[in-house]
Amino acid sequence: MAIYAQSYHEPLLSPREYLEREHRTDTKSEYEEGVLVAMSGASWEHIVINSNLSLSLGSQLKDKNCVVLSSDLRVRAEKRNRYYYPDTVVVCGKPQFEPNSFDSIVNPTMVIEILSPSTAARDKGVKREVYQSLESLQAYLIVSQDAPRVLLYTRQEGDLWHEVTVVGLESSLEIAALNCILYLSEIYRNVEFSNTPSL
């Protein structure tokens, strides 16, 4: 999403209290060690890019026992005591959910976040570290919404990660973990760019 508002003045919530709150409200908040992080609406560019990614990945993965899911799916990172709503999640194989939960998944194969100026530092910093702590995760893709530029982290042996940046509408990016290719011309179809890249 485009903007995050964080408050440390409210009492810390337990994971159970957070989930109960999420189920009672129409708005979404992420959870970081007891602290709620409110999420606001996304920009036109953000929504178009997310739709393009879902279409491209979905068409390539439809026969590979993988599912491409929207930002309505919550990811649980128990080791770091976090709950996040990635912009896009890919789950290959049988989805696994947090015990006693029907909407908090613990085994994403790939996570995608689309940057804005207000989220760039968080998506590239703490969120990257948290996502990479998930044993199931094989790839983390960060996508700029104001320039044709993407950053891919791919799991190597153990906890080692390989990083590659791809720039330009003529470029493409192989997601080896999913055996698919993303073309930046498809990711950014119908997107107009600003002059202040966030990635």
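Bear in mind the structure is a predicted one, so any value in this text is a computation, not a measurement. (Residues numbered from 1 in each chain as written. Predicted model: local features only at pLDDT ≥ 70, side-chain atom pairs only at ≥ 80, totals over all residues. Heavy atoms only, no water.)

A. Highlighting the packing of aromatic side chains. Within this structure, the stated rule accounts for seven aromatic pairs. Where Tyr18 meets Tyr31, the ring centres are 4.9 Å apart and the plane angle is 35 degrees; that geometry is what we call tilted. Linking Tyr18 in helix α1 (residues 15-24) with Tyr31 in strand β2 (residues 29-32), this pair joins segments that are 13 residues apart in sequence. Given a relative accessible area of 0%, Tyr18 falls into the buried group. (Phe/Tyr/Trp six-rings, centres within 6.5 Å; stacked < 30°, edge-to-face > 60°. Helix = DSSP H or I, 4+ residues; strand = E, 2+ residues; numbered from the N terminus. Buried < 20%, exposed > 50% of the residue type's maximum accessible area, 1.4 Å probe, protein only.)

B. Representation of the confidence of the model for the protein. When pLDDT is averaged along the protein, the result is 89; 92% of the residues meet or exceed 70. Of all the helices and strands in the protein, strand β1 (residues 4-6) carries the lowest mean pLDDT, 44, while helix α5 (residues 184-187) carries the highest, 97. Every residue in residues 1-8 scores below 50 in pLDDT, and together they form 39 contacts with partners more than four places removed in sequence or on other chains. (pLDDT = per-residue confidence, 0-100. Contact = heavy atoms within 4.5 Å.)

C. Examining the state of the cysteines more closely. Counted under the stated rule, the structure contains one disulfide. Each disulfide pairs two cysteine sulfurs, and for Cys66 the partner residue is Cys92, the sulfurs being separated by 2.0 Å. The chirality of the disulfide connecting Cys66 with Cys92 is right-handed, given an S-S dihedral of about 105 degrees. On the criterion of sequence distance, the pair formed by Cys66 in strand β4 (residues 66-69) and Cys92 in strand β7 (residues 88-92) is long-range, its members being 26 residues apart. On the accessibility criterion, Cys66 (15% relative accessible area) is buried. With no disulfide of its own, Cys180 lies closest to Cys66 among cysteine sulfurs, the gap being 8.6 Å. (Disulfide = S-S within 2.5 Å.)

D. Spotlight on the pattern of salt bridges. Counting across every chain of the model gives 14 salt bridges. Ionic pairing is found between Glu30 and Arg122, a salt bridge with its closest N-O pair at 3.2 Å. Here Glu30, found in strand β2, pairs with Arg122, found in helix α3 (residues 120-124); they are 92 residues apart in sequence, far enough to count as distant. What makes Glu30 buried here is its relative accessible area of 0%. For Arg122, a relative accessible area of 13% corresponds to the buried category. With its nearest N and O atoms 3.2 Å apart, the salt bridge here joins Glu30 to Lys127. Of this pair, Glu30 sits in strand β2 while Lys127 sits in helix α4 (residues 126-132); the two residues are 97 residues apart in sequence, bridging distant segments of the chain. Pair check on accessibility: Glu30 and Lys127 agree, each one buried. Look at the salt bridges and you will find they share partners, linking Glu30, Glu32, Glu33, Arg82, Glu113, Arg122, Asp123 and Lys127 into a network. (Salt bridge = Lys/Arg side-chain N within 4 Å of Asp/Glu carboxyl O.)

E. Region of interest: the nonpolar core. Membership of the largest hydrophobic core comes to 25 residues, with the highest contact counts inside it found for Leu53, Leu141, Val143, Val150, Ile175 and Ile187. Of all the secondary structure elements, the ones that give two or more residues to this core are α2 (44-61), β9 (110-114), β10 (139-143), β11 (149-155), β13 (172-175), β14 (180-183) and α5. Sorting elements by how many residues they give to this core places α2 first, with five residues. Leu53 has contacts with Ile112, Ile114, Leu141, Val143, Leu182 and Ile187, leaving out every residue within four places of it along the chain. If you look at the next biggest cluster of nonpolar residues, it comprises 19 residues, including Val75, Leu115, Val130 and Leu151. (Core = buried A, V, L, I, M, F, W, Y, C linked by side-chain atoms within 4.5 Å.)

F. Quick peek at the sheet that holds β9. Reading across from one edge, β4-β7-β9-β10-β11-β12 is the order of the six strands in this open sheet, with mixed pairing throughout. Lying at the two open borders of the sheet, with one neighbouring strand each, are β4 and β12 (161-167). Within the sheet, the average angular offset between the axes of one strand and its neighbour, ignoring direction, is 15 degrees. Here β7 runs beside β9; their pairing, made up of three bridges, is antiparallel. (Pairing = 2+ DSSP bridges. Axes fitted to C-alpha atoms, helices over the stretch in contact; angles between N-to-C directions.)

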